[in-house]
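Structural overview
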Amino acid sequence: MRFAILLVACSTFLGTAAQANEALARAKNCTTCHGIGNKIVGPSYKDIAAKRASEKGAEAALAAKIKNGSKNEWGQVPMPPNQVTDAEAATLARWVLSFK
């Protein structure tokens, strides 16, 4: 019985965290250019996660790109810097990398 309650509590928390991170991505306008499984202006979150999956320090590197922008990594269109805190960038990077 205790295990069942713990399992429900954990799944509720994890579901809420995923929704909260998606809400953060929407609030920071990330979803204007990126889709979960489809390219819009920039690559999909799944493509980003696949590319970064084997990289050491992928979360920190992606958080830096989210915050500071990037150029010439996915084609000619640069990703502009985003108005996010370091904590928000890390949260978004973790969320994007979860799509592997």
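Attention here is on the structure that accompanies the text. (Residues numbered from 1 in each chain as written. Predicted model: local features only at pLDDT ≥ 70, side-chain atom pairs only at ≥ 80, totals over all residues. Heavy atoms only, no water.)

1. What to know about the packing of aromatic side chains
Here the structure, examined in full by the defined rule, presents 3 aromatic pairs. Here Trp95 and Phe99 contribute two aromatic rings whose centre-to-centre distance is 5.1 Å and whose plane-to-plane angle is 80 degrees, an arrangement assigned as edge-to-face. Accessibility expressed as a relative area gives 6% for Trp95, which makes it buried. Between the NZ or CZ atom of Lys51 and the centre of the ring of Trp74, over which it lies, the distance is 4.4 Å. (Phe/Tyr/Trp six-rings, centres within 6.5 Å; stacked < 30°, edge-to-face > 60°. Buried < 20%, exposed > 50% of the residue type's maximum accessible area, 1.4 Å probe, protein only. Lys NZ or Arg CZ within 6 Å of the ring centre and 35° of its normal.)

2. Regarding unusual backbone geometry
The phi torsion at Asn29 lies on the positive side, around 65 degrees, for a residue other than glycine. The exposure class of Asn29 is exposed, given its relative accessible area of 51%.

3. What to know about a nonpolar patch on the surface
A cluster of nonpolar residues, Ile40, Val41 and Val77, forms a patch on the protein surface that exposes about 250 Å² of accessible area. Residue position: Val77 is located in the loop between α3 (58-68) and α4 (86-97). The exposure class of Val77 is exposed, given its relative accessible area of 57%. (Patch = residues over 30% accessible without salt bridge, like charges linked within 9 Å, V, L, I, M, F, W, Y side chains within 5 Å. Areas by Shrake-Rupley, 256 points an atom, 1.4 Å probe, with all protein chains shown as cover. Salt bridge = Lys/Arg side-chain N within 4 Å of Asp/Glu carboxyl O. Helix = DSSP H or I, 4+ residues; strand = E, 2+ residues; numbered from the N terminus.)

4. Looking at the nonpolar core
With 18 residues, the main nonpolar core has Ala25, Tyr45, Leu62, Ile66, Leu92, Trp95 and Val96 as its most contacted residues. Elements that contribute at least two residues to this core include exactly α1 (2-27), α2 (45-52), α3 and α4. Considering each element in turn, this core owes the most residues, 6 residues, to α4. Residues within four places of Leu92 in sequence aside, it is in contact with Asn21, Leu24, Ala25, Cys30, Ile66 and Val84. (Core = buried A, V, L, I, M, F, W, Y, C linked by side-chain atoms within 4.5 Å. Contact = heavy atoms within 4.5 Å.)

5. Looking at α4
Between its first and last C-alpha atoms α4 spans 16 Å; for 12 residues at 1.5 Å apiece the expected length is 16 Å, and the two agree. Restricting attention to buried positions, one finds in α4 the residues Ala89, Leu92, Ala93, Trp95, Val96 and Leu97. (Expected span 1.5 Å × (residues − 1).)

6. Remarks on the packing of α3 against α4
At a minimum axis separation of 8 Å, α3 and α4 run at an interaxial angle of 120 degrees. Accordingly, the angle class assigned to the pair α3 and α4 is oblique. Crossing of α3 against α4: the hand is right-handed. When α3 is examined against α4, the residues Ala58, Glu59, Leu62, Ala63, Ile66 and Lys67 are found in contact with a partner set consisting of Asp86, Ala89, Ala90, Leu92, Ala93, Arg94, Val96 and Leu97. In terms of residue class, the contact of α3 with α4 is made up of 10 nonpolar, no polar and 4 charged. (Axes fitted to C-alpha atoms, helices over the stretch in contact; angles between N-to-C directions. Parallel < 35°, antiparallel > 145°, perpendicular 65-115°, else oblique. Left-handed = near helix turned anticlockwise from the far one by under 90°. Nonpolar A, V, L, I, M, F, W, Y, C, P; charged D, E, K, R; others polar.)

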